Amino acid sequence: MSDDREFLKIPNWYPYLASHAFPTAFVRLRPEAAALLAASDGEREQAPKSISKQVIEDLRQPMSKIPGNCFTSTDMCSPTDTERFLGKRGAVYSPESAWKYLFLSEKVRRSAAAGEVGFICLRPFRRITRAREFRLFIRNGVLAAMSQYWLTRHFPLLDKRGKRYWKIAEKLVDSVVWQLPVSDFVMDIYVTSDEEILIIDLNPWGPPTDPLLLRDWEREDWDSCPGLKVMLPPTKISGNVHVSF
């Protein structure tokens, strides 16, 4: 793994950006537990049950100090491909549930198989307003572009506040990027109702990171596409419309 990609693991970037991020606790995974996350279904069936039981016990005390539900992830990957994320946005209450959904995630399995998993990261669950979650594209240490994160629909809120959100994001990047050992990366953020930014995650520049509304990593106009990219409102068709089949 390159030095840049290594830094993008949550336990590595968090000490630099903690004052701008969700409060996070880190539980180091025992080597046998990390290997279990990376294992095939057949290998998992043959693994001792004691491995999972030990992870659950390791999670119990730090989770007890987090009020309400938790959101769990590993160093570079969250279990966003599980039913728990689709149904409850990833909120878990017990250490058993936290381990279960990390264990069920194919994304987490691939990350573990790539040697990227050393910790379970725990933070208080917060129900995020999707219109205020964004992806920042930082190139040569400068905010080059910004995209609406959830491409589910047009959010009228962003028509009114898009320029304001860009300025807030630009100010954050200018204030923190100088201290980081990477200059090209992607940052996922949430803007609170008080217009404060909370950093959710850092991602590598380029594939497999999704460029969202920037569409293509090979574009040549990164230096001339500032501003927030948003989903357009639905097209309205008026007048006499004839449709034939």
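Rules used throughout
- Residues numbered from 1 in each chain as written.
- Predicted model: local features only at pLDDT ≥ 70, side-chain atom pairs only at ≥ 80, totals over all residues.
- Heavy atoms only, no water.
- Axes fitted to C-alpha atoms, helices over the stretch in contact; angles between N-to-C directions.
- Helix = DSSP H or I, 4+ residues; strand = E, 2+ residues; numbered from the N terminus.
- Parallel < 35°, antiparallel > 145°, perpendicular 65-115°, else oblique.
- Left-handed = near helix turned anticlockwise from the far one by under 90°.
- Contact = heavy atoms within 4.5 Å.
- Nonpolar A, V, L, I, M, F, W, Y, C, P; charged D, E, K, R; others polar.
- Buried < 20%, exposed > 50% of the residue type's maximum accessible area, 1.4 Å probe, protein only.
- 1 Å grid on protein atoms, 1.4 Å probe; cavity = no way out; pocket = protein on both sides within 12 Å on 5 of 7 lines; lining within 4 Å.
- Points joined across faces, edges and corners; volume = space filled by probe spheres on them.
- Phe/Tyr/Trp six-rings, centres within 6.5 Å; stacked < 30°, edge-to-face > 60°.
- Lys NZ or Arg CZ within 6 Å of the ring centre and 35° of its normal.
- Salt bridge = Lys/Arg side-chain N within 4 Å of Asp/Glu carboxyl O.
- Disulfide = S-S within 2.5 Å.

**Student:** Tell me about the packing of helix α3 (residues 31-38) against helix α5 (residues 49-64), residues and numbers included.
**Tutor:** The interhelical angle for the contact between α3 and α5, taken along N-to-C directions, is 115°, at an axis separation of 10 Å. Between α3 and α5, the crossing angle belongs to the class labelled roughly perpendicular. Crossing of α3 over α5 shows left-handed handedness. Contacts between α3 and α5 pair E32, A33 and L36 from the former with I51, S52 and V55 from the latter. Along the lines of polarity and charge, the residues of the contact of α3 with α5 split into 4 nonpolar, 1 polar and 1 charged.

**Student:** Describe in detail the environment of P124, supporting the description with residues and values.
**Tutor:** Within the fold, P124 resides in strand β4 (residues 119-124). Judged by its relative accessible area of 27%, P124 is partly exposed.

**Student:** How would you sum up the layout of surface pockets? Please name residues and give values.
**Tutor:** In this structure, the largest pocket encloses a volume near 1,200 Å³. Taken together, 44 residues line the largest pocket, and the ones lying closest to its centre are T80, K107, Y149, D201 and N203. Looking at the lining of the largest pocket element by element, the count peaks at 6 residues for strand β8 (residues 197-204). Across the lining of the largest pocket, the residue classes break down as 23 nonpolar, 8 polar and 13 charged.

**Student:** Tell me what's going on with the packing of aromatic side chains, and back it up with residues and numbers.
**Tutor:** The geometry of an aromatic ring pair is captured by the separation of the ring centres together with the interplanar angle, meaning the angle of the planes. Applying the stated criterion to the full structure yields 13 aromatic pairs. Measuring from centroid to centroid gives 6.3 Å for W13 and Y14, while their planes differ by 50°, and the two rings are tilted. Take W13 and Y14: they sit in the same class, and that class is buried. Over the aromatic face of F103 sits the side chain of R44, whose NZ or CZ is 3.9 Å from the ring centroid. Over the ring of F22 we find R123, and its NZ or CZ is 4.3 Å from the ring centre.

**Student:** Please provide a residue-by-residue account of the pattern of salt bridges, values included.
**Tutor:** For the structure shown, the criterion picks out 11 salt bridges. The partner of R109 in a salt bridge is E106, with the nearest N and O atoms 2.9 Å apart. In this pair, R109 and E106 are both assigned in helix α8 (residues 106-113), 3 residues apart and thus about one turn of the helix distant. According to the relative accessible area criterion, R109 is buried, its value standing at 13%. When its relative accessible area of 36% is taken as the criterion, E106 is described as partly exposed. A salt bridge links R135 to D188; its shortest N-O distance comes to 2.7 Å. Here D188 lies in strand β7 (residues 185-191) and R135 lies in strand β5 (residues 133-139), a separation of 53 residues in the sequence. Here R135 falls in the buried class, since its relative accessible area comes to 6%. Judged by its relative accessible area of 5%, D188 falls in the buried class. When salt bridges with common partners are traced through the structure, they connect D41, E106 and R109 into a single cluster.

**Student:** Which residues make up the side chain of T74, and what values go with them?
**Tutor:** Here T74 lies in strand β2 (residues 70-74). Dropping the residues within four chain positions of it, T74 is found in contact with I10, L102, V108, V117, F119 and C121.

**Student:** Can you tell me about the state of the cysteines, naming the residues and giving the values?
**Tutor:** In this structure the tally under the stated criterion is 0 disulfides. Of all cysteine sulfurs, the one in C121 lies closest to C70, which takes part in no disulfide; the gap is 12 Å. Summary of cysteine pairing: C77 is not part of a disulfide, and the nearest cysteine sulfur, belonging to C121, is at 11 Å. Take C77: its relative accessible area is 9%, and that puts it in the buried class.

**Student:** Break down empty space enclosed by the protein for me, with residues and values.
**Tutor:** On inspection of all chains with the given rule, the structure shows 1 cavity of 30 Å³ or more. Its boundaries defined by the atoms lining it, the largest cavity holds a volume of some 40 Å³. The wall of the largest cavity is formed by T72, P79, T82, R84, F85, G90, V92 and Y101. Class assignment for the residues of the lining of the largest cavity results in 4 nonpolar, 3 polar and 1 charged.

Geometry only, nothing functional implied.
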